[in-house]
Amino acid sequence: MDDGAEKDRAFLRRRRGAPEEPLPGRRGRRPAKKASKGKKALVWTGGTMAFVLVAGAGAAYFYIEHLNNNIASVSDDGASTGGFQKDKAINILLIGTDKRTGKGNENYGDAGSVGHADTTILLHVSKDRSNATALSIPRDLIVDVPDCPTTQEDGTQKIIPGTQGVRFNTSLGQDGRTPSCTMRTVTELTGVKPDNFMVADFNAVKTLTSAVGGVEVCLGKDIDDPDSHLKLSKGTHTIEGEQALAFVRTRHAVGFGGDLSRIGLQQQFLSALMRKLKSNDTLSSPSKMLKLAEAGTKALTVDSQLDSISKLKDLGMELGKLDTKNLTFTTTPVIDNPAEKVKATVVLNESSAPQVFDMIKNDISFTAVKEKKKKEAAAVAARLKGTKAPASEVRVRILNGGAVAGSAQETLSWLQNEEGVTKSENAGNAPAELAKTTLEYAPDQADQARRLADIMGLPGSALKPGESVTNSQGLPAMTLTLGKDFKGAGVSLTAPSKAPEGVQKSTADKVECAK
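In this text the structure is predicted, and so the values were computed from the model without any measurement.

Here's the deal with the overall build of the protein
Thought 1: What the protein contains, in helices and strands, is 14 helices and 25 strands.
Thought 2: Sorting the 515 residues of the protein into buried and exposed places 54% on the buried side.
Thought 3: Counting only contacts in the protein whose residues sit at least 6 apart along the sequence, the fraction spanning at least 24 positions is 75%.
Thought 4: For the protein, the computed accessible surface area is about 22600 Å², with 50% contributed by carbon and sulfur atoms.

What follows is the structure, given as structure tokens:
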């Protein structure tokens with residue numbers, strides 16, 4: 001082991017509060033000198049398989065102390081929400097780099113790389129755990145990297161200046177950026193603030209696939225890629241170890257030969273591994289589950305909010321509630337960078353990317369799930385159907401229930417001056433803040449509610465059948481309460497109900513062949 005790795009190991013022990021030498025009477029602590037602790041070096045490599053490591057870690061909690069010693073953690077530097085919660089939607093950022101670390105990995109990644117974000121997935125799990133979306137973010141996407149407060153090895157804080165108009169992959173490694181910088185970049189890009197981050201090394205692909213006895217993948221053509229060292233014939237194959245790593249690293253022999261093609265291949269591989277992880281063949285085998293737990297925790301680096309097997313187990317239990325048919329893999333919609341003659345980078349597709357981000361922010365599934373939810377959604381949508389009263393007959397009192405100061409007056413002016421809702425008035429602040437904007441109305445005001453919803457772009461879920469209130473003229477009126485989600489007068493609050501046309505997606509339960 002080189003001096004740099006030993007220095008990083010020592011830093012990780014200080015970060016997690018672990019002793020340099022085992023304390024008396026504490027069973028399961030391995031001496032710091034053992035080579036297996038080298039897995040805890042402060043580098044973030046590979047990362048493609050961080051997504052599935054939780055499944056193995058969460059299943060093997062019966063030797064917690066031993067597994068705890070395998071886990072490395074680094075600070076989230078305040079970039080996260082503070083950690084996932086069981087009663088809320090979950091957003092986990094999964095990061096991998098192109099740094100060559102680990103035995104047998106010299107031929108992978110970029111020689112001399114500081115460790116950029118080579119593979120990044122934002123995993124969103126719905127609040128009710130009925131569905132999930134794994135959103136891949138291309139490494140060559142042009143983004144703005146914000147300023148990043150970063151914890152240094154000596155525990156001090158350093159603000160690494162942001163840069164504008166650079167590749168997404170430079171959000172990690174460049175100028176000493178840590179995973180928390182990638183987390184801040186994702187928040188700025190998507191509007192979604194991750195709860196936690198997870199990173200794994202190249203060895204995770206090799207050890208996890210071997211632990212489950214290989215995973216089955218499908219090829220639509222022969223592949224012979226001298227760069228990734230993958231050589232497979234057309235058809236179905238069971239791959240593990242070095243061959244599995246070559247599979248997720250190949251790009252020149254599939255699709256258009258670029259990073260976007262490789263992302264599709266990685267999504268196919270992750271789907272196959274998820275199916276194998278959740279199969280009876282794996283779950284019913286104690287030896288496989290033990291191997292998975294060892295492989296997952298040794299290859300895993302997590303943020304400081306997720307630094308024990310107990311926390312990973314809790315996260316694994318939440319992810320375990322998912323049905324693979326409702327786990328959707330998709331990629332951030334992008335187009336070739338129009339500023340380049342020789343195409344090397346991509347930029348957001350502004351016609352569809354915002355809709356994809358909004359679906360994740362609003363916890364909307366990319367797949368159809370649960371007939372009950374469909375019926376509930378239909379009932380809510382029905383509130384918008386029917387006759388609409390003229391704008392001049394709409395009577396409404398406007399309250400600010402968590403929107404930006406002045407929003408009630410701004411909305412009043414807009415409604416009266418531009419939309420003809422002259423029977424409206426500013427009622428000041430609501431007694432309590434609301435996360436979502438609501439419109440409460442009596443049964444005989446439904447036509448007024450539909451008109452106001454149409455004008456303001458309110459979704460059916462914002463309409464709350466209830467009671468009317470008395471306005472300043474002593475007449476019955478509806479109550480519009482502007483919540484924290486209010487974006488400004490004239491800005492629609494209706495979230496997209498399905499993925500935009502042309503967005504490529506796949507689900508984890510289906511076998512797809514790489515082409």
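Considering the packing of helix α5 (residues 203-211) against helix α6 (residues 241-249)
Thought 1: In contact at an axis separation of 8 Å, α5 and α6 are set at 125° when each is read in the N-to-C sense. Here α5 lies oblique to α6, going by the angle between them. Crossing hand, α5 versus α6: right-handed. Mapping the contact onto sequence places V205, K206, T209 and S210 in α5 and G241, E242, A244, L245 and V248 in α6.
Thought 2: The residue makeup of the contact of α5 with α6, split by class, is four nonpolar, three polar and two charged.

Some words on the pairing of strand β6 (residues 148-151)
Thought 1: Here four bridges tie β6 to strand β7 (residues 157-160), and the two strands are oriented antiparallel to one another. Across the sheet, residue P149 finds its bridge partner in β7, namely I159.
Thought 2: Connecting β6 to the antiparallel partner β7 that follows it, the hairpin turn spans five residues, and G155 within it adopts a positive phi of roughly 90°.

As for the pattern of salt bridges
Thought 1: With the rule as written, the count across this model stands at eleven salt bridges.
Thought 2: Put simply, D358 and K361 hold a salt bridge, and the shortest N to O gap is 3.2 Å. Here D358 and its partner K361 are both found in helix α11 (residues 353-361), three residues apart, which amounts to about one turn of the helix.
Thought 3: Overall, K361 belongs to the partly exposed group, its relative accessible area being 43%.
Thought 4: Each of D118, R139, D140 and R167 takes part in salt bridges that share partners, so that together they form one network.

Digging into α6
Thought 1: In terms of burial, α6 is largely enclosed, as seven of its nine residues are buried.
Thought 2: When we look at burial in α6, the residues that qualify are G241, A244, L245, A246, F247, V248 and R249.
Thought 3: Looking at the packing, one finds that the buried side of α6 touches β3 (117-125), α5, β10 (215-219), β12 (230-232), β13 (235-239) and α7 (259-277).

Here's the deal with the side chain of S126
Thought 1: Checked against the element boundaries, S126 lands in the loop between β3 and β4 (132-136).
Thought 2: A relative accessible area of 1% means that S126 is categorised as buried.
Thought 3: At 2.8 Å, the side chain of S126 and the side chain of D128 are in polar contact.
Thought 4: Look past the residues within four positions of S126 in its chain and what remains in contact with it is A89, N131 and D363.

Re the environment of K158
Thought 1: Following the sequence through the fold, K158 ends up in strand β7.
Thought 2: Looking at K158, the relative accessible area reads 43%, which means it is partly exposed.
Thought 3: Along the backbone, K158 and C148 are ten residues apart, and their C-alpha atoms lie at a distance of 8.0 Å.

Observations regarding the nonpolar core
The nonpolar side chains of a soluble globular protein tend to be buried with one another.
Thought 1: Counting residues in each nonpolar core, the largest one holds 51 residues, and the members touching the most others are L123, M198, I239, F247, F269 and L315.
Thought 2: Looking at which element gives the most residues to this core, the answer is α7, with seven residues.

A closer look at the environment of D314
Thought 1: Topologically, D314 is positioned in helix α10 (residues 309-319).
Thought 2: With relative accessibility at 22%, the residue D314 sits in the partly exposed group.
Thought 3: A sequence separation of 228 residues divides D314 from K86, and the C-alpha atoms of the two residues are 8.5 Å apart.
Thought 4: Residues contacting D314, with those up to four places away along its chain left out, are F84 and K86.

Quick notes on the packing of aromatic side chains
Thought 1: What the rule picks out here adds up to one aromatic pair.
Thought 2: Judged by centre distance (6.0 Å) and plane angle (40°), the rings of F247 and F269 are tilted. Here F247 is found in helix α6, whereas its partner F269 is found in helix α7, with 22 residues between them in sequence.

Conventions we followed
Residues numbered from 1 in each chain as written. Predicted model: local features only at pLDDT ≥ 70, side-chain atom pairs only at ≥ 80, totals over all residues. Heavy atoms only, no water. Helix = DSSP H or I, 4+ residues; strand = E, 2+ residues; numbered from the N terminus. Buried < 20%, exposed > 50% of the residue type's maximum accessible area, 1.4 Å probe, protein only. Contact = heavy atoms within 4.5 Å. Areas by Shrake-Rupley, 256 points an atom, 1.4 Å probe, with all protein chains shown as cover. Axes fitted to C-alpha atoms, helices over the stretch in contact; angles between N-to-C directions. Parallel < 35°, antiparallel > 145°, perpendicular 65-115°, else oblique. Left-handed = near helix turned anticlockwise from the far one by under 90°. Nonpolar A, V, L, I, M, F, W, Y, C, P; charged D, E, K, R; others polar. Pairing = 2+ DSSP bridges. Salt bridge = Lys/Arg side-chain N within 4 Å of Asp/Glu carboxyl O. Polar contact = N/O pair within 3.5 Å; in protein donor to acceptor, adjacent residues only side chain to side chain. Core = buried A, V, L, I, M, F, W, Y, C linked by side-chain atoms within 4.5 Å. Phe/Tyr/Trp six-rings, centres within 6.5 Å; stacked < 30°, edge-to-face > 60°.

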